[in-house]
Amino acid sequence: MKVKSFLATMGIGIAVGALGIMMLPRSSGIYHAANDAASAIKSEAVKAMDSIG
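Here the structure is a predicted model, which is why all the values come from computation and not from measurement.

1. Focus: the overall build of the protein
Point 1. Scanning the protein from terminus to terminus reveals two helices and zero strands.
Point 2. Taking the principal axes of the C-alpha coordinates as reference, the protein spans close to 40 × 30 × 10 Å.
Point 3. When burial is assessed residue by residue, the protein has 4% of its 53 residues classed as buried.
Point 4. Carbon and sulfur atoms form 72% of the exposed surface of the protein, whose accessible area is close to 4700 Å².

Listed below in C-alpha cells is the structure:
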C-alpha cells in the first residue's frame, strides 16, 4: 500500500511540475533547462529499456 501512495504522490508532483513548466514562455532559460533535463531523462530511460530487452 505504501508503494501505491508513493507512486501516486510522485505522479501528482510530476504532473504539477509539468504544468508549471508549460506555463513558462518557450524563450525562457528555465524552460530550456527543464527541456534539456527531460530529454536526458528520456534518453536514459530508453537506454535502460534497451538493456533489459
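On we go from here.
2. Concerning the environment of G53
Point 1. Within the secondary structure, G53 sits in the segment after α2 (29-52).
Point 2. When the C-alpha positions of G53 and I12 are compared, they lie 29 Å apart, and in sequence the two are 41 residues distant.

3. Comments concerning the pattern of salt bridges
Point 1. As enumerated under the stated definition, the model contains one salt bridge in all.
Point 2. When the shortest N-O distance is used, the salt bridge between K47 and E44 registers 3.5 Å. Note that K47 and E44 are positioned in helix α2 at a spacing of three residues, about one turn of the helix.
Point 3. The exposure class assigned to K47 is exposed, which follows from its relative accessible area of 51%.

4. Structural notes on α2
Point 1. With 24 residues, α2 ought to run about 34 Å at 1.5 Å a step, and its terminal C-alpha atoms sit 35 Å apart, in line with that.
Point 2. At the N-terminal end of α2, a side-chain oxygen is found 3.3 Å from the backbone nitrogen of I30, two or three residues along, and the residue is S28.

5. Some thoughts on the environment of S5
Point 1. Note that S5 resides in helix α1 (residues 2-22).
Point 2. Through-space distance from the C-alpha of S5 to that of S28 is 34 Å; in sequence the pair is 23 residues apart.

What counts and what doesn't
- Residues numbered from 1 in each chain as written.
- Predicted model: local features only at pLDDT ≥ 70, side-chain atom pairs only at ≥ 80, totals over all residues.
- Heavy atoms only, no water.
- Helix = DSSP H or I, 4+ residues; strand = E, 2+ residues; numbered from the N terminus.
- Buried < 20%, exposed > 50% of the residue type's maximum accessible area, 1.4 Å probe, protein only.
- Areas by Shrake-Rupley, 256 points an atom, 1.4 Å probe, with all protein chains shown as cover.
- Salt bridge = Lys/Arg side-chain N within 4 Å of Asp/Glu carboxyl O.
- Expected span 1.5 Å × (residues − 1).
- Polar contact = N/O pair within 3.5 Å; in protein donor to acceptor, adjacent residues only side chain to side chain.

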